[in-house]
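The residues making up each chain are set out below.
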Amino acid sequence: MKKFQAILEEIMEISRIPMILYDADGSCAAAFTGTDASVDDSVHEFIRSDVDSQSLGAFHYFKVISFDTLSYVLLVSNFAPDSFTIGRLAVCQLKNLLESQEDSVTKSVFIRNLVTGSLSSSERNRQIKKLRLATASWAAFVIECQEGFTDSYAYQLLEHAFAGHKLDFCCELDEHHLLLVKDVSNILKEYKAQTASDTKLPQIRTKKKQPAAIDSEQICASLKLFAQTLADTLRAEALLQTYIGYSTLADSFSQLMQIYQEALTALKIRHTFFAEQDTIAYDELGIGRLIAQLPADLCHIFLNEVFGTQIPDALDEETQNTIQKFYENNLNISETARQLYLHRNTLVYRLERLEKILGLDIRKFEDAMTFKLAMMVLAHVRELES
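First, a word on scope: everything that follows refers to the structure included in this document. Please read these numbers as outputs of a predicted model, since none were measured by experiment.

1. Regarding the pattern of salt bridges
- All chains considered together, the criterion is met by 10 salt bridges.
- A salt bridge links Asp278 to Arg235; its shortest N-O distance comes to 2.8 Å. Remark: Arg235 occurs in helix 9 (residues 216-237) and Asp278 occurs in the loop between helix 10 (256-273) and strand 10 (279-281); sequence separation between them is 43 residues.
- Between Glu355 and Arg363 there is a salt bridge, and its shortest N-O distance comes to 3.6 Å.
- Relative accessible area serves as the criterion here: at 28%, Arg363 is assigned to the partly exposed category.

2. What about the packing of helix 10 against helix 16 (residues 365-385)?
- Direction vectors running N to C along helix 10 and helix 16 enclose 115 degrees, while the axes themselves pass 9 Å from each other. Judged on the interaxial angle alone, helix 16 and helix 10 are roughly perpendicular. The crossing of helix 10 and helix 16 is right-handed. Between helix 10 and helix 16, the contacting residues are His271, Thr272 and Phe273 on the first element and Met376, Ala379, His380 and Glu383 on the second.
- Taken together, the residues of the contact of helix 10 with helix 16 sort by class into three nonpolar, three polar and one charged.

3. Comments concerning unusual backbone geometry
- Located in the positive-phi region is Leu239, a residue other than glycine, with phi close to 55 degrees.
- Following the sequence through the fold, Leu239 ends up in the loop between helix 9 and strand 9 (243-250).
- When its relative accessible area of 68% is taken as the criterion, Leu239 is described as exposed.

4. Remarks on the sheet that holds strand 8 (residues 177-183)
- Across the sheet, which stays open at both edges, the five strands sit in the order 7-8-6-9-10 with mixed pairing between neighbours. Two strands in the sheet have a free side with no partner beyond their single neighbour: strand 7 (169-174) and strand 10. Geometrically, the sheet is characterised by an average inter-axis angle of 20 degrees between neighbouring strands, direction not taken into account.
- Bridge count between strand 6 (residues 138-144) and strand 8: seven bridges; the pairing is antiparallel. Paired with Glu144 across the two strands is His177, which belongs to strand 8.
- Sitting on the sheet, helix 4 (residues 107-115) touches strand 7 and strand 8, and the angle it makes with strand 7 is about 60 degrees.
- Strand contacts of helix 10: strand 6, strand 7, strand 8, strand 9 and strand 10, with the helix running at about 145 degrees to strand 9, the strand carrying the most contacts.

5. Quick notes on the packing of helix 13 (residues 317-328) against helix 15 (residues 344-358)
- Running from amino to carboxyl end, helix 13 crosses helix 15 at an angle of 110 degrees, the nearest separation of the two axes being 11 Å. It follows that helix 13 is roughly perpendicular to helix 15 by the angle criterion. Packed against helix 13, whose contacting residues are Glu318, Thr319, Thr322, Ile323 and Phe326, the element helix 15 presents Leu347, Arg350, Leu351, Arg353 and Leu354 at the interface.

6. Brief notes about the pairing of strand 9
- Of all the eight residues making up strand 9, six are buried; the element is thus mostly covered by neighbouring parts of the structure.
- One ladder, built from six bridges, connects strand 6 with strand 9; its direction is antiparallel. Bridging across to strand 9, Trp138 finds its partner in Ala250.
- In this structure, strand 9 lies alongside strand 10, joined through three bridges in parallel fashion. Within strand 10, the position partnered with Gly245 by the bridge is Ile280.
- What joins strand 9 to strand 10 is helix 10, and the crossover it makes is left-handed.

7. Focus: the packing of aromatic side chains
- Counted by the stated rule, this structure contains 11 aromatic pairs.
- Judged by centre distance (6.4 Å) and plane angle (75 degrees), the rings of Phe169 and Phe253 are edge-to-face. Pair noted here: Phe169 is in strand 7 and Phe253 is in the loop between strand 9 and helix 10, with a separation of 84 residues, a long-range link.
- In this structure Phe169 comes out as buried when scored by relative accessible area, which is 2%.
- Judged by its relative accessible area of 6%, Phe253 is buried.
- Here the aromatic cluster, defined as three or more aromatic residues joined through ring pairs, consists of Phe110, Trp138, Phe169 and Phe253.
- Over the ring of Phe169 we find Lys107; its NZ or CZ atom is 5.1 Å from the centre of that ring.
- The ring centre of Tyr282 lies 4.4 Å from the NZ or CZ of Arg289, which sits over that ring.

8. Focus: the pairing of strand 1 (residues 19-23)
- Of all five residues in strand 1, five are buried; the element is thus mostly enclosed.
- Of the two faces of strand 1, both are covered, the one formed by Met19, Leu21 and Asp23 as well as the one formed by Ile20 and Tyr22.
- Note: strand 1 against strand 5 (residues 69-77), five bridges, orientation antiparallel. By the bridge assignment, Asp23 is partnered in strand 5 with Tyr72.
- Relative to strand 2 (residues 28-31), strand 1 runs antiparallel, the two being bridged by three bridges. Its bridge partner lying in strand 2, Ile20 is registered against Ala31.
- Here strand 1 folds back onto strand 2 in antiparallel fashion, the turn holding four residues, of which Gly26 has a positive phi close to 90 degrees.

Cut-offs and rules
- Sequence order as written defines residue numbering, which begins from 1 separately in each chain.
- This being a predicted model, a pLDDT of at least 70 is required before a residue's local features are given, and a value of 80 or more before pairs of side-chain atoms are given or counted; all residues contribute to the totals for chains, interfaces and linings.
- With hydrogens and water excluded, all non-hydrogen atoms of the structure serve as input to the side-chain values.
- The term salt bridge refers to a side-chain nitrogen of Lys or Arg lying within 4 Å of a carboxyl oxygen of Asp or Glu.
- Strands here are runs of E lasting at least two residues and helices are runs of H or I lasting at least four, both read from the DSSP assignment and numbered beginning at the N terminus.
- Each residue's exposure class comes from its accessible area (1.4 Å probe, protein chains only) as a fraction of the maximum for that residue type: buried when under 20%, exposed when over 50%, partly exposed otherwise.
- Whenever a helix is involved, its axis is fitted only over the stretch in contact; in every case the axis is a line through C-alpha atoms, and angles between N-to-C directions fall within 0 to 180 degrees.
- Throughout, the term roughly parallel applies to angles under 35 degrees, roughly antiparallel to angles over 145, roughly perpendicular to angles from 65 to 115, and oblique to all others.
- Each crossing gets its handedness from the near helix: less than a right angle anticlockwise from the far helix is left-handed, clockwise is right-handed.
- In what follows, residue pairs with any heavy atoms lying within 4.5 Å of each other are defined as contacts.
- Residue type decides the class: Asp, Glu, Lys and Arg count as charged, Ala, Val, Leu, Ile, Met, Phe, Trp, Tyr, Cys and Pro as nonpolar, and the leftover types, Gly among them, as polar.
- Two strands are said to pair when DSSP picks up at least two bridges between them.
- Place the viewer so that the strands point away; then a crossover is right-handed whenever the path from the first strand over the helix to the second strand goes clockwise.
- A pair of aromatic rings is counted whenever rings of Phe, Tyr or Trp (Trp by its six-membered ring) have centres within 6.5 Å, and the orientation is called stacked for planes under 30 degrees apart, edge-to-face for over 60 and tilted otherwise.
- In this scheme, the term charge over a ring applies when either NZ of a lysine or CZ of an arginine sits within 6 Å of the ring centre and within 35 degrees of the ring normal.

Below is the structure:
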């Protein structure tokens, strides 16, 4: 867009003729003279019309069409005798710039620009047509490695082993993050045996065909298995500890930014609340998603209500492991003691000692729930302050 503005400014400086540039959806992209509601309305009518140019009121109207797709609408003030000719020259300049920029567009460049919001709707549609892309049902997987992917072949492995179908996309986001947008129908095909024994998994079809009924439970199981396989493969082959957040489904290009943001959110919340997990789904974040949206001042109020002024520091590893096992076994003392290879009385002693420290008896459901929430809120606060 900056290049387009520079071209128009240069043409206007030479011709002394004011111009206005609109996106293909009728939104003003660059105004070098005043606009009003009547002009905006006339632009929308012009977009819906079949003509490529027309004169109306104080302006000549031109459509900038690239790769058979409407990209922009240019308005040129018609007060000068040669303004129509100047307008056509400006349209040619814009069209050539658009097409030269997109000669080097690849699928990876397209998906990175799309999910990061660098493409307007007209640019998106034009590049979709140029690359001959079709719609599908997709899930987004954002792969994170704090060590960085520099000097590793993780991206090549991702591209060739996991993004091999024509409706898949992958790209490098930065040195710590890779993105895979995967056609879900291929995940269901390739992981069919692992996710369903006798039940045949449905095929997700493109919008051009009548979509089949989808078993959401089987899709969730397939996505989970695929994400874990992806993490395990990168760990084994690229020798990198990776973490993966993945999204719900999208069935249009306009929704890809949304599922990308879902996958990023899942990764962020994994770091705060589910650090022990390699992979995490956006729709399985549970109360973590809610707590992650709480402001810091509200969190401090809650923590003061639970702990008073004695907010606990990090608990030692033995205590953390005891608490985790106790929760995993639904507050069952006997089963927890058995799994920890402890005498029942030893476990009771540990829990009583914890009660003295915290003022909460996690053997009681209400205190156990309060403590669980408080520790998640505390983790969120520390994340905000880090």
